[in-house]
Amino acid sequence: MKYAKIFMLFLAAGLFAACSDDDEAVNSQQTTVGFASEELVVKENAGYVSVPIQIEGYRNGNIYVEVEAVPTGENPAIEDEHYMITDKTLTLLNDTTKTATLNVQFKTVDDQEINEARTFALNIKSLEGGQLTTKTINITLRDNDAAFYEKFFGKWKISFYDWNGFDKANYGVVEKTITITGPTDEDDPDYDKVLTVSAPGMYNVGIDLDFSWHFNYSFDAAEKAGTLGFILGEIVSTYSTAYAWLFAGINGENFVFDDVVANWQLGEGDTFPTTIEWNPDAEVFFVRNNREVWGIWDHFKIEKVQ
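Calculation rules
- Residues numbered from 1 in each chain as written.
- Predicted model: local features only at pLDDT ≥ 70, side-chain atom pairs only at ≥ 80, totals over all residues.
- Heavy atoms only, no water.
- Helix = DSSP H or I, 4+ residues; strand = E, 2+ residues; numbered from the N terminus.
- Buried < 20%, exposed > 50% of the residue type's maximum accessible area, 1.4 Å probe, protein only.
- Contact = heavy atoms within 4.5 Å.
- Areas by Shrake-Rupley, 256 points an atom, 1.4 Å probe, with all protein chains shown as cover.
- Pairing = 2+ DSSP bridges.
- Axes fitted to C-alpha atoms, helices over the stretch in contact; angles between N-to-C directions.
- pLDDT = per-residue confidence, 0-100.
- Core = buried A, V, L, I, M, F, W, Y, C linked by side-chain atoms within 4.5 Å.
- Phe/Tyr/Trp six-rings, centres within 6.5 Å; stacked < 30°, edge-to-face > 60°.
- Lys NZ or Arg CZ within 6 Å of the ring centre and 35° of its normal.
- Salt bridge = Lys/Arg side-chain N within 4 Å of Asp/Glu carboxyl O.

Participant: In this structure, what is going on with the overall build of the chain? I would like to understand it.
Facilitator: Within the chain, the secondary structure is distributed over 1 helix and 22 strands. Split into buried and exposed, the 306 residues of the chain put 38% on the buried side. Pairs at least 24 apart in sequence give 65% of the contacts found in the chain among residues at least 6 apart. With an accessible surface of roughly 16600 Å², the chain has 51% of that area assigned to carbon and sulfur atoms.

Next up, the structure:
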């Protein structure tokens, strides 16, 4: 009985070793391995990014890939300072699929500095079980601090004077929470140019009107200053008829259809402003159906909601 138990233990160990050998067998089929593309551009605040390595062809064993990171260009990205790679050694276990993907994952570091885009390359340093195709992918980390457009995204508080009955001695202060958004796709024609504002219950005309309007946006990186302008003439709300900001003027004179523009400036250490104020004399006429004036608004201000 004792010898039988020992024999069974040896048999189990042999089976285990055989399974382990099968698990670690290297693919010997005609399988290609390489990065899915040669270039990748990501934003500095992207967080975790997956870089695909494409595997093509049936396999009879495992594929082992090791990658390395190399700083490149005039403004190189430094590993563990500007980005961190999760794992440089990857294994694709044998299975019956013809096409598979291994992902190299890295995490970007979102600093608060204004800088030129940083670059680095990922190379396939070693490969077992496949034929190498695209060995290198060049990666650009685009700075998001010089492009302050996306920093406007989020919740703000807007306030303005509403001149009741157009009596300059009689006004009320309106305060509402708004949400600013915009496209994140840099190929969108409005990216870095136009922001969209959503303002539920912005103004009461017997019922609370939900508003939506646009700001024209600009930023000069050299001057570290920008503009934010109400686009006039658009319909901002509807309730049985259309409501709009139709025109503006200075102290009720020189009516124009130009944007009502506020200037803003970065603070010390290139900090983003949390409050932006418009010229208090720039008046916006709130009209119904492009004819009936319902109010004159001025003293516009927006404050970032933390």
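Participant: Looking at this structure, how should I read the sheet that holds strand β4 (residues 63–72)?
Facilitator: By way of backbone hydrogen bonds, the strands of a sheet pair with one another, either parallel or antiparallel. Within the open sheet, the 5 strands sit side by side as β2-β10-β8-β4-β6. Their pairing is mixed. A single partner strand is all that each edge strand has here, and the edge strands are β2 (39–43) and β6 (89–92). For this sheet, the mean angle separating the axes of adjacent strands, direction not counted, is 25 degrees.

Participant: It is not clear to me how unusual backbone geometry should be interpreted in this structure. Could you clarify?
Facilitator: Phi is mostly negative for residues that are not glycine, and the peptide bonds are mostly trans. You will see that S240, though not glycine, has its phi angle at about 65 degrees, which is positive. Here S240 shows up in the loop between β16 (235–238) and β17 (242–250). Here the phi dihedral of H299 falls at roughly 55 degrees; this positive angle occurs in a residue that is not glycine. For H299, a relative accessible area of 29% translates into the label partly exposed.

Participant: How do you make sense of the confidence of the model for the chain when you look at a structure like this?
Facilitator: Low pLDDT marks regions whose predicted coordinates should not be analysed in detail. Mean pLDDT for the chain: 86, with 86% of residues reaching 70 or above. The model gives residues 1–22 a pLDDT under 50, and that stretch makes 0 contacts with residues more than four places away or in other chains.

Participant: When you look at the sheet that holds strand β7 (residues 99–108) in this model, what are you seeing that I'm missing?
Facilitator: Taking strand neighbours across the sheet as the criterion, the 5 strands line up as β5-β7-β3-β1-β9 in an open arrangement whose pairing is mixed. Unpaired on one side and paired on the other, β5 (83–85) and β9 (131–132) mark the two borders of the sheet. For strand β1 (residues 32–35) and strand β3 (residues 48–56), the ladder comprises 4 bridges, and the chain directions are antiparallel. Looking at the pairing, G34 lines up with Q54 of β3.

Participant: I would appreciate a short explanation of the nonpolar core in the present structure.
Facilitator: One recurring pattern in soluble globular proteins: nonpolar side chains tend to sit buried together. With 40 residues, the main nonpolar core has F211, W213, L228, F230, W245, W278 and F286 as its most contacted residues. The element best represented in this core is strand β14 (residues 208–220), accounting for 6 residues. If we ignore the near neighbours within four places in the chain, the residues touching L228 are F152, L195, F215, N216, Y217, V260, V261, A262, W264, I276, W278 and I302. Listed in part, the 26 residues of the second largest apolar core include V51, L92, L122 and I137.

Participant: Would you take a moment to explain the packing of aromatic side chains for this structure?
Facilitator: Both the distance between ring centres and the angle between the ring planes are used here to describe each pair of aromatic rings. The final tally for this structure, using the stated rule, is 40 aromatic pairs. Ring geometry for F152 versus Y217: centroids 5.7 Å apart, planes at 75 degrees, classification edge-to-face. Residue F152 is located in the loop between β10 (136–142) and β11 (154–163), and its partner Y217 is located in strand β14; the two are separated by 65 residues in the primary sequence. Summarising the burial analysis for this pair, F152 and Y217 share the class buried. With a centroid separation of 5.6 Å and an interplanar angle of 20 degrees, the aromatic rings of Y243 and F286 are classed as stacked. Of this pair, Y243 sits in strand β17 while F286 is found in strand β21 (residues 282–288), placing the two residues 43 residues apart along the sequence. Looking at F286, the relative accessible area reads 0%, which means it is buried. The ring of Y48 has K107 sitting right over it, with the charged end atom 5.9 Å from the ring centre.

Participant: I would appreciate a short explanation of the pattern of salt bridges in the present structure.
Facilitator: It is possible for side chains of opposite charge to pair when their charged atoms get near one another. Following the criterion strictly, the structure yields 9 salt bridges and no others. D111 serves as the salt-bridge partner of R118, at 3.4 Å between the closest nitrogen and oxygen. Looking at D111, the relative accessible area reads 16%, which means it is buried. A cluster of three or more residues bridged by salt bridges with shared partners is formed by E44, D111 and R118.

Participant: Help me understand the side chain of S159, please; the structure alone is not making it clear to me.
Facilitator: Secondary-structure assignment places S159 in strand β11. S159 sits in the buried class, given a relative accessible area of 7%. Residue contacts for S159: discarding those within four places in its chain leaves V174, E175, H299, F300 and K301.

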